[in-house]
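Each chain is listed here by its residues.
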Amino acid sequence: MAVVATKNTSSTPVLPIARKQVSTPGLGVQLLTAGTAACIADLFTFPLDTTKVRLQVQGEGGACSLQGKGVAGTLFHIAKHEGPTALYSGIVPGLQRQMAFSAIRIGAYESVKNKYMELSGVTGGLEMMGVRIAAGVTTGTLAILAAQPTDVVKVRMQAAGNSQQYKGVMDAYLTIKRAEGIRNGLYRGTFPNIARNCIINVGETVVYDAAKDGFISGGYMKDGIACHFSSAVVAGITATLVASPVDVVKTRFMNSPSGKYRGALHVARETARTEGAMAFYKGFNASCIRLVSWNIVLWLSYEQLKLVAKDFYSRK
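Parameters and conventions
- Along each chain, numbering runs from 1 in the same order as the chain's sequence is written.
- Given that the model is predicted, a residue must reach a pLDDT of at least 70 before its local features are reported, and side-chain atom pairs must reach 80 or more before they are shown or counted; all residues, however, enter totals for whole chains, interfaces and linings.
- For the side-chain quantities, the full set of heavy atoms in the structure was used; hydrogens and water were omitted.
- By the criteria applied, helices consist of DSSP H or I runs no shorter than four residues and strands consist of E runs no shorter than two, each listed in order from the N terminus.
- Burial classification: accessible surface area is computed with a 1.4 Å probe over protein chains only, and a residue below 20% of its type maximum counts as buried, one above 50% as exposed, and the rest as partly exposed.
- Contacts are residue-level and defined by heavy atoms, with any inter-residue pair within 4.5 Å sufficient.
- Method for areas: the Shrake-Rupley scheme with a 1.4 Å probe, in which residue coverage is limited to the protein chains shown.
- Buriedness of a pocket was judged along seven lines, with at least five required to meet protein on both sides within 12 Å; pockets are open sets of points on a 1 Å grid over the protein atoms alone, cavities are sets where a 1.4 Å probe fits but cannot get out, and lining residues have an atom within 4 Å of a point.
- Grid points are joined across faces, edges and corners, and a volume is the space filled by probe spheres set on the points.
- Throughout this description, the term salt bridge denotes a Lys or Arg side-chain nitrogen within 4 Å of a carboxyl oxygen of Asp or Glu.
- Asp, Glu, Lys and Arg are counted as charged, while Ala, Val, Leu, Ile, Met, Phe, Trp, Tyr, Cys and Pro are counted as nonpolar; the rest, among them Gly, fall into the polar class.

S.K.: Is there a simple way to think about the overall build of the protein in this case?
M.R.: Helix and strand counts for the protein stand at 11 helices and 0 strands. Secondary structure of the protein in N-to-C order comes out as α-α-α-α-α-α-α-α-α-α-α. Taking all 316 residues of the protein together, 47% fall into the buried category. For the protein, contacts bridging at least 24 residues in sequence account for 76% of all contacts bridging at least 6. As displayed, the protein has an accessible area near 16100 Å², and 64% of this comes from carbon and sulfur atoms.

S.K.: Would you mind showing me how to read the layout of surface pockets here?
M.R.: Which parts of space are left empty comes out when a probe the size of a water molecule is rolled across the atoms. There is about 540 Å³ of room inside the largest pocket. Along the wall of the largest pocket there are 26 residues; nearest its centre are Glu110, Tyr302, Glu303, Lys306 and Lys310. At the level of elements, helix H1 (27-57), helix H4 (109-120), helix H8 (190-217) and helix H11 (284-314) are the ones that each hand at least two residues to the lining of the largest pocket. Per-element tally for the lining of the largest pocket: the top contributor is H11, with 7 residues.

S.K.: Looking at this structure, I do not really get the environment of threonine 138. What am I missing?
M.R.: Following the sequence through the fold, threonine 138 ends up in helix H5 (residues 126-160). The sequence separation of threonine 138 and cysteine 198 amounts to 60 residues, and the corresponding C-alpha distance is 7.9 Å. Dropping the residues within four chain positions of it, threonine 138 is found in contact with Val112 and Tyr116.

S.K.: Could you clarify how one ought to interpret the environment of glycine 94 in this entry?
M.R.: Summarising the element assignment, glycine 94 is placed in helix H3 (residues 91-107). Glycine 94 sits in the buried class, given a relative accessible area of 0%. Through-space distance from the C-alpha of glycine 94 to that of phenylalanine 46 is 8.5 Å; in sequence the pair is 48 residues apart.

S.K.: Honestly, the pattern of salt bridges in this entry has me stumped. Any pointers?
M.R.: Where charged atoms from two side chains of opposite charge approach closely, those side chains can pair. Under the counting rule described, the total for this entry stands at 18 salt bridges. Among the salt bridges present, the one from aspartate 49 reaches arginine 290, with a minimum N-O distance of 3.7 Å. Taken together, the positions of aspartate 49 in helix H1 and arginine 290 in helix H11 put the pair 241 residues apart, joining distant regions of the chain. By the burial criterion, aspartate 49 is buried, and arginine 290 matches it. With a shortest N-O distance of 2.6 Å, glutamate 204 and arginine 105 are connected by a salt bridge. Taken together, the residues glutamate 204 in helix H8 and arginine 105 in helix H3 connect sequence positions 99 residues apart. Grouping residues by exposure puts glutamate 204 and arginine 105 together as buried. Through salt bridges with shared partners, a single ionic network connects Asp42, Asp49, Lys52, Lys154 and Arg290.

S.K.: How should I be thinking about empty space enclosed by the protein in this particular structure?
M.R.: Scanning the entire structure with this criterion turns up 3 cavities of 30 Å³ or more. Counted as a void, the largest cavity has a volume near 80 Å³. Considering the residues around the largest cavity, the lining is formed by Arg97, Gln98, Phe101, Ser102, Arg105, Arg196, Asn197, Ile200, Glu204, Arg290, Leu291 and Trp294. Only H3, H8 and H11 provide two or more residues apiece to the lining of the largest cavity. For the lining of the largest cavity, the element with the highest residue contribution is H3, accounting for 5 residues. Partitioned by chemical class, the residues of the lining of the largest cavity number 4 nonpolar, 3 polar and 5 charged.

Right, here's the structure in full:
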């Protein structure tokens, strides 16, 4: 009699091993982290930014013309004749600007870059630099559209100093809106500001990203404070070199009374005609010192805040 072997089907099914999902910071946290780091950088370097604005508007006459020569002379001139607090004139709209502007242009950069990489299929090489630049231009444009009014008020208050032209931040917003309107007042200089900030965003965010990647992938440095510091210095110098002319035009256009200039190109032509080509690099030393210092504080703070956020979410 043949014995038929039967397969035992009553064995216990193997259950898949449950893996713990590691949550990562969302876009909101990334924006908040970038905005906070930018505010920290502004608090450290705002006197240099005020000095830069005063140097850039020299040559236009009025109360903004200073006798101080160079960065140190202008800075001490402001502190001596207007008080140290004048160096922080416009700090409130400046911080408002960073929470709106830098939060978007820096905080959203990685997400936009990854999306462009996904859409284009690019993973490296020269094409990767194109993706980085596209992401920088995108976030820079979106950021300035959101933050333009804060930038106008910041520049006006920095140029005015302690002249009592404005009673405070809200008075500055309301005075500019009432006297010049929204389009010609609070959104004055939007297009040169977009151009300037796209250039600066490429010079800062994109160059920092590329320099950091180059230092690490080339084996020159490990991903740490030294690498972040070196990448920030490269980014700050690059941003100053490429953006100074547009920055001067933007500052003068924003600070000018209504009707003085027909547009950004008119500002550029008049500046070149009356003061020469070197006028576009007025305040260059202040800009360079300020942007390099600002980038160092920004990126060191941002990288550390990102580590804190990632560590927090990994514990959840």
